[in-house]
Amino acid sequence: MKDILRLCLSIGLVCLGGGAALAFVNAKTEAPRRAAAARTLVDSVKLVLPPETAATVSAPSVDGVDFYAAQDSAGRTIARAAVGSSRIGFGGELKVLVGLSLDNRILGVMVTEHSETPGLGTKATDRKAQKSLWAVLAGKATEDVFPPNAYLDAFTGRPATGFSLGGAGQSQPVQAVSGATISSKAVLDAVNTICRAAQVTEER
Amino acid sequence: MSYLHEFWKGLWKENPVLVLMLGMCPTLAVSSSAKNSLGMGLATTFVLLGSNVAISLVRNVVPGKVRIPCYIVIIAVFTTIVEMLMDAYAPAELNRTLGIFIPLIVVNCIVLGRAEAFASKNSVFRSGLDGLGMGFGFTLALMALGGVREFLAAGTLFELQVVPGWEPFLLMKLPSGAFIVLGFFLAGMNVLKLRQARRVGKKYTPPEIDCSRCNICNR
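Nothing here was measured: the structure is a model prediction, and the numbers come from that model.

Explain the sheet that holds strand 6 (residues 131-132) of chain A here, please?
The pairing of strands in a sheet happens through backbone hydrogen bonds and is either parallel or antiparallel. Pairing in this open sheet of 3 strands is mixed, and the strands run 6(A)-2(B)-1(B) from one edge to the other. The sheet is open, and its two edges are formed by strand 6 of chain A together with strand 1 (156-157) of chain B, each paired on a single side. As paired elements, strand 6 of chain A and strand 2 (residues 160-161) of chain B share 2 bridges and run parallel to each other. In the sheet register, A:K131 faces strand 2 of chain B, and the bridge partner there is B:L160.

How should the packing of aromatic side chains be read in this particular structure?
Centre-to-centre distance and the angle between the planes together describe a pair of aromatic rings. Scanning the model with the defined rule gives 6 aromatic pairs over all chains in all. On the basis of an interplanar angle of 70° and a centroid distance of 5.0 Å, the ring pair of B:Y3 and B:F125 is categorised as edge-to-face. Linking B:Y3 in helix 1 (residues 3-11) with B:F125 in helix 7 (residues 124-154), this pair joins segments that are 122 residues apart in sequence. For the ring pair B:F151 and B:W166, a centre distance of 4.8 Å and an interplane angle of 55° mean the geometry is tilted. A residue pair is termed long-range when its members are at least 10 positions apart, and B:F151 in helix 7 and B:W166 in the loop between strand 2 and helix 8 (170-173) qualify at 15 residues. When its relative accessible area of 25% is taken as the criterion, B:F151 is described as partly exposed. An aromatic cluster of at least three residues, connected via ring pairs, comprises A:Y151, A:F155 and A:F163.

Mind showing me how you'd approach the interface of chain B and chain A here?
One frequently used descriptor of interface size is the decrease in accessible area upon assembly of the parts. Each partner contributes residues to the interface: chain B has 27 residues there, and chain A has 30 residues. Carbon and sulfur atoms supply 76% of the area that chain B and chain A bury against each other, a total of about 2400 Å² over both sides. Counting the surface chain B buries against chain A, the share from its top three residues, B:M84, B:L160 and B:Q161, is 23%. The interface formed by chain B and chain A includes 1 salt bridge. Between B:K65 and A:D3 there is a salt bridge whose closest N-O contact spans 3.0 Å. Our count for the contact surface shared by chain B and chain A stands at 3 residue pairs in polar contact (both at pLDDT 80 or more). Contributions of two or more residues to the side of chain B that touches chain A are made by helix 4 (67-89), helix 5 (92-98), strand 2 and helix 8 of chain B. Per-element accounting of the side of chain B that touches chain A gives the leading share, 12 residues, to helix 4 of chain B.

Please explain the confidence of the model for chain B as it appears in this structure.
Looking at chain B, the pLDDT average stands at 87 and 93% of residues meet or exceed 70. Within chain B, helix 7 of chain B carries the highest mean pLDDT (94), whereas helix 5 of chain B carries the lowest (78).

Sorry, what's going on with the packing of helix 4 of chain B against helix 6 (residues 109-119) of chain B here?
What describes two packed helices is the angle between their axes and the distance between those same axes. All names here are of chain B. Contact pair helix 4 / helix 6: the axes reach a minimum separation of 11 Å and the direction vectors enclose 130°. If you check the angle between helix 4 and helix 6, you find them oblique. Relative to helix 6, the crossing made by helix 4 is right-handed. Counting all contacts with helix 4, which are made through R67, I68, Y71, I72 and I75, the residues of helix 6 involved are V111, L112, A115 and E116. When grouped by side-chain class, the residues that make up the contact of helix 4 with helix 6 number 7 nonpolar, no polar and 2 charged.

Is there a simple way to think about the pattern of salt bridges in this case?
A side chain with one charge may pair with a side chain of the opposite charge, provided their charged atoms come close. Tallied over the entire structure, the rule returns 12 salt bridges over all chains. A:E30 is paired through a salt bridge with A:R34; the nearest N and O atoms lie 3.3 Å apart. Of this pair, A:E30 and A:R34 both sit in helix 1 (residues 2-47), 4 residues apart, which is roughly one turn of the helix. Residue A:E30 is classed as partly exposed on the basis of its relative accessible area of 39%. Exposure remark for A:R34: the relative accessible area of 55% places this residue in the exposed category. Between B:D130 and B:R114 there is a salt bridge whose closest N-O contact spans 3.0 Å. Taken as a pair, B:D130 in helix 7 and B:R114 in helix 6 lie far apart in primary sequence, 16 residues in all. This pair shows no difference in class: B:D130 is buried, exactly as B:R114 is. Among the charged side chains, a salt-bridge network with shared partners connects B:E6, B:K9, B:R114, B:R126 and B:D130.

Parameters and conventions
- Residues numbered from 1 in each chain as written.
- Chains lettered and ligands numbered in written order.
- Predicted model: local features only at pLDDT ≥ 70, side-chain atom pairs only at ≥ 80, totals over all residues.
- Heavy atoms only, no water.
- Pairing = 2+ DSSP bridges.
- Helix = DSSP H or I, 4+ residues; strand = E, 2+ residues; numbered from the N terminus.
- Phe/Tyr/Trp six-rings, centres within 6.5 Å; stacked < 30°, edge-to-face > 60°.
- Buried < 20%, exposed > 50% of the residue type's maximum accessible area, 1.4 Å probe, protein only.
- Contact = heavy atoms within 4.5 Å.
- Buried area = accessible area lost by both parts, 1.4 Å probe.
- Salt bridge = Lys/Arg side-chain N within 4 Å of Asp/Glu carboxyl O.
- Polar contact = N/O pair within 3.5 Å; in protein donor to acceptor, adjacent residues only side chain to side chain.
- pLDDT = per-residue confidence, 0-100.
- Axes fitted to C-alpha atoms, helices over the stretch in contact; angles between N-to-C directions.
- Parallel < 35°, antiparallel > 145°, perpendicular 65-115°, else oblique.
- Left-handed = near helix turned anticlockwise from the far one by under 90°.
- Nonpolar A, V, L, I, M, F, W, Y, C, P; charged D, E, K, R; others polar.

Right under this line is the structure:
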């Protein structure tokens, strides 16, 4: 009995000390953690919005799609951004960020989260600029914040009324990336979800 | 033994990945690029240092019967601290890639292995040095592996292009590539040791998996 008490006491004390340490670190990092999460979102949202954007304000979500209103320095809404997701990616869920102009045209598409196969599926999802080590060493590297991706750029400038993959007679066709058909479909699915939600908000 | 030895042994002689063969799961999973390897290595080093020191501090207080749960609690505390710190201060991209692997440091055999085999029997200072050395050894091995894999896969290092126009080699980026590269690394270690043994006139037999190389269960 005495032995059990001793064992319980020592485990309890270790847990208590650990809990106290965690509570302390949690309290200390809470504000920076929230700021970091907000910064990540704002940084990526800005990429698909016009350069005049001074601030982004969270707007109501529709059907699981989050909307953000972009305001210029005078506080007028000049565009919107929407984050939607699709579950039919090759590696499961992926999240897509779309910039929408006021007349509901697509300003830019970007995949913010995914687990597609590197080198195959990522051809349809990644915007990645390849910097050369030698250019960096020579100090000649330039920062490209929104590198091109042929598939994602195919949406840009078109009305956000829904897209389809190829096929004659289909409305607004886009060409899937060969070798990345499933990932292309998943991106398309997320974009279409956003288009539908955008139309719902238009009607309101 | 000198204090310096406690630090140095983790880097080469008792390297956790290449010699002790501990922590294979994170090794294979996150060594797809040099940058991920560095992040994972440093996170593990922090947990190792913290848990080794804390476990060494309580080694005479905690009864032997419940030592493993106590060690796990201490390791989990440090891992959670790392997770929170990374959420707050690490670059978003690195945090996203390593996100699912950070909580797994709790069950990384390097951390529990060092706690049981070293920190529970040695002074606080020695345990700290051992944790630091093992952590850096893990980081270096991971970075070597990640660097080779990243270079073969895309011709890049730390996401910077080294060879323009490199034909992508997808296998190296996938987990199977990690097995293959690790196999070559271990073969290289054996070659080095064979040579060393021959130079001093001894015979070297590569280690087999047996209990003599690990004293976790105190056999």
